[in-house]
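# What the coordinates show
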Amino acid sequence: MEKKAFVTKEQIEEIVKTYPTPFHIYDEKGLRANAKAVKEAFAWNKGYKEFFAVKALPNPFIMNILKEYGVGSDCSSYTELMLADKCGINGNNIMFSSNDTPAADFILADKVGATINLDDFSHIEFLEKTLGKLPERLSLRYNPGGVVTISNGIMDNPGDAKYGMTKEQIIEAYKILKSKGVKEFGMHAFIVSNTVTNDYYPFLAKQLFELAVEIKEKTGVSLNFINLSGGVGIAYKPEQTPNDIKIIGEGVHKVFDEILVPAGLGDVSIYTEMGRFMTGPYGMLVTKVLHEKKIYKDYIGVDACAVNLMRPAIYGAYHHITVLGKEDKPCDHKYDVTGSLCENNDKFAVDRMLPEIEIGDYLAIHDTGAHGFAMGYNYNGKLKSAELLLKEDGSVQLIRRAEKPSDYFSTFDCFPEFADLAK
Ligand SMILES: *Cc1c(COP(=O)(O)O)cnc(C)c1O
């Protein structure tokens with residue numbers, strides 16, 4: 001599918017008068033339409049709920065927009081719990097799916113009433129010791145092990161992943177929870193990331209539903225919810241076909257009716273914890289071309305770098321690039337698009353065919369709405385960018401200011417001689 005930027009060159013030229021590049025900009029209209037489609041796709045399930053994986057885009061403005069569609073938060077850490085709570089998202093609207101969890105995080109999760117999803121068998125005892133009791137509602141994370149192959153050949157290797165419990169452990173764990181007075185039970189699994197196929201959720205659901213039936217038979221525990229977690233991907237590349245959430249919802253519905261309903265488990269609520277699918281396509285990193293350098297290759301140097309978007313540097317991930325204002329020009333120039341870090345992997349694109357680029361052009365780097373800004377860091381003393389929201393009426397709102405040098409120096413406030421820089 002052709003990938004189009006949701007802003008024009010003219011819009012950006014207006015925006016930069018107030019907010020200089022680089023920045024991430026999010027498309028409120030797209031976010032809302034997608035959140036609505038997700039809700040409708042699972043409306044067949046009475047207890048359905050999406051818990052947005054906060055780590056993908058931890059911004060309260062975005063979380064509040066999603067909240068209007070009944071979306072809660074999937075948190076994985078102390079500060080993410082604080083963030084969700086501050087947004088008025090708490091109680092059963094928070095799923096706390098963490099691993100290698102510190103005691104303080106469990107304590108806060110319990111305090112805000114989050115549903116705790118235990119990553120490991122040993123965490124039952126750890127949680128009981130930490131809280132002095134077990135919560136009445138608990139979820140357990142399952143890892144089926146082995147290698148996953150879905151119809152179109154996407155593979156992943158849960159047997160090599162640090163998350164979740166084995167089948168034997170999880171069955172034993174439900175027995176223990178039941179004997180300790182836990183009243184509401186959930187099951188969770190996340191086995192493949194960024195799947196671009198409508199088959200992933202139904203494939204996972206089938207495994208979890210079959211296991212739910214087995215758990216009921218072996219332990220007498222009837223699960224209250226099954227959490228399909230994240231992993232629904234987006235089409236980063238133009239040649240990919242985006243997932244269709246309606247087809248995905250229907251696919252899960254079908255296996256639900258085939259497996260859970262006949263087993264007397266038709267009341268099970270389906271939960272999801274999508275991050276990437278909820279926000280990924282509705283964000284772009286906008287950056288300005290500063291330099292062109294011609295040595296053995298032709299390099300376009302921009303004012304953003306890997307601290308603004310790490311995925312290309314760490315995974316070699318593809319992010320589509322639009323040269324704003326040159327959408328209709330032929331892509332007849334080959335470039336590496338680079339940032340300014342002293343790291344040769346600081347490249348947004350390698351050998352990318354693009355229209356001829358001039359200094360001062362604005363580039364829109366697509367699909368940065370999830371795992372984009374959020375992964376940022378401060379290497380080379382680089383500061384994190386602003387985040388902007390392109391509202392439905394076409395106006396722009398600052399939803400996080402850019403970092404200033406004082407933010408970078410603020411953790412030196414233990415040294416009096418740094419006090420002036422930290423201001
Ligand atoms: C990262 C994560 C998600 C979201 O994953 P996406 O691929 O962004 O959908 C959901 N649940 C858990 C536990 C995660 O770690």
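None of these values were measured; they are calculated from a predicted model.

Right, let's get into the domain arrangement of the chain. Once the domains are mapped, the chain shows domain 1 (9–23 + 281–412) and domain 2 (28–280). Centre-to-centre, using C-alpha coordinates, domain 1 lies 32 Å away from domain 2. Taken residue by residue, the interface counts 22 residues in domain 1 and 25 residues in domain 2. Each partner contributes to the roughly 2000 Å² buried at the junction of domain 1 and domain 2, and carbon and sulfur atoms together form 59% of this total.

Bringing the packing of helix H7 (residues 167–179) against helix H8 (residues 200–219) into the picture now. Where H7 meets H8, the axes come as close as 10 Å, and the angle between the chain directions of the two elements is 50°. Between H7 and H8, the crossing angle belongs to the class labelled oblique. Crossing of H7 against H8: the hand is right-handed. Where H7 abuts H8, its residues Lys167, Ile170, Ile171, Tyr174, Lys175 and Lys178 lie against Leu211, Glu214, Ile215, Lys218 and Thr219. By residue class, the composition of the contact of H7 with H8 is five nonpolar, one polar and five charged.

Our next topic: the layout of surface pockets. The calculated volume of the largest pocket comes to roughly 1000 Å³. In terms of lining, the largest pocket is formed by 39 residues, of which the most central are Lys55, Phe190, Ser193, Arg276 and His371. Two domains each put at least three residues into the lining of the largest pocket: domain 1 (9–23 + 281–412) and domain 2 (28–280). For the second largest pocket, the calculated volume is near 470 Å³. Considering the residues around the second largest pocket, the lining is formed by 23 residues, among which Met1, Lys3, Pro242, Pro281 and Asp367 are closest to the centre.

What follows covers the pairing of strand S3 (residues 72–75). Two strands pair when backbone bridges link them, and strand S2 (residues 49–53) and S3 are joined in this way by three bridges, in the parallel orientation. Its bridge partner lying in S3, Ala53 is registered against Asp74. Considered for its hand, the β-α-β crossover made up of S2, helix H3 (residues 60–67) and S3 is right-handed. With three bridges connecting them, S3 and strand S4 (residues 94–97) associate as parallel partners. Among the inter-strand pairings, Ser73 is bridged to a residue of S4, identified as Ile94. With helix H4 (residues 78–86) bridging S3 and its parallel neighbour S4, the resulting β-α-β unit is right-handed.

This part covers the sheet that holds strand S9 (residues 184–188). Reading around the barrel, the eight strands line up as S2-S3-S4-S5-S6-S9-S10-S11 and close back on themselves, with parallel pairing between neighbours. Taking the axes of each pair of neighbouring strands and ignoring which way they run, one obtains an average angle of 25° across the sheet. One ladder, built from three bridges, connects S9 with strand S10 (residues 225–227); its direction is parallel. Of the residues in S10, the one forming a bridge with His188 is Asn227.

Before going further, it helps to spend a moment on the pattern of salt bridges. This structure, assessed with the given rule, holds 24 salt bridges. Between Glu214 and Lys218 there is a salt bridge; the shortest N-O distance is 2.6 Å. Taken together, the residues Glu214 and Lys218, both in helix H8 and four residues apart, mark about one turn of the helix. The network of salt bridges with shared partners includes Glu28, Arg32, Glu68 and Glu392.

Here we come to the nonpolar core. The biggest cluster of nonpolar side chains holds 87 residues, and the ones touching the most others in it are Met187 and Phe209. Top contributing element to this core by residue count: H8, with 10 residues. Shared between two domains, this core takes at least three residues from each, and those domains are domain 1 (9–23 + 281–412) and domain 2 (28–280).

Our focus in this paragraph is the packing of aromatic side chains. Scanning the model with the defined rule gives 18 aromatic pairs in all. On the basis of an interplanar angle of 10° and a centroid distance of 4.5 Å, the ring pair of Phe42 and Tyr48 is categorised as stacked. Judged on exposure class, the residue Phe42 and its partner Tyr48 are both buried. For the ring pair Phe412 and Phe418, a centre distance of 5.0 Å and an interplane angle of 45° mean the geometry is tilted. Given the relative accessible area of 26%, Phe418 is considered partly exposed. Aromatic ring contacts, followed pair by pair, group Phe42, Trp44, Tyr48, Tyr200, Tyr201, Phe209 and Phe256 into a single cluster. In this structure, Lys49 is placed above the aromatic ring of Phe51, and the distance from its NZ or CZ to the ring centre is 6.0 Å.

What counts and how
Residues numbered from 1 in each chain as written. Predicted model: local features only at pLDDT ≥ 70, side-chain atom pairs only at ≥ 80, totals over all residues. Heavy atoms only, no water. Domains from an automatic or database assignment. Contact = heavy atoms within 4.5 Å. Buried area = accessible area lost by both parts, 1.4 Å probe. Axes fitted to C-alpha atoms, helices over the stretch in contact; angles between N-to-C directions. Helix = DSSP H or I, 4+ residues; strand = E, 2+ residues; numbered from the N terminus. Parallel < 35°, antiparallel > 145°, perpendicular 65-115°, else oblique. Left-handed = near helix turned anticlockwise from the far one by under 90°. Nonpolar A, V, L, I, M, F, W, Y, C, P; charged D, E, K, R; others polar. 1 Å grid on protein atoms, 1.4 Å probe; cavity = no way out; pocket = protein on both sides within 12 Å on 5 of 7 lines; lining within 4 Å. Points joined across faces, edges and corners; volume = space filled by probe spheres on them. Pairing = 2+ DSSP bridges. Right-handed = clockwise from strand over helix to strand, strands pointing away. Salt bridge = Lys/Arg side-chain N within 4 Å of Asp/Glu carboxyl O. Core = buried A, V, L, I, M, F, W, Y, C linked by side-chain atoms within 4.5 Å. Buried < 20%, exposed > 50% of the residue type's maximum accessible area, 1.4 Å probe, protein only. Phe/Tyr/Trp six-rings, centres within 6.5 Å; stacked < 30°, edge-to-face > 60°. Lys NZ or Arg CZ within 6 Å of the ring centre and 35° of its normal.

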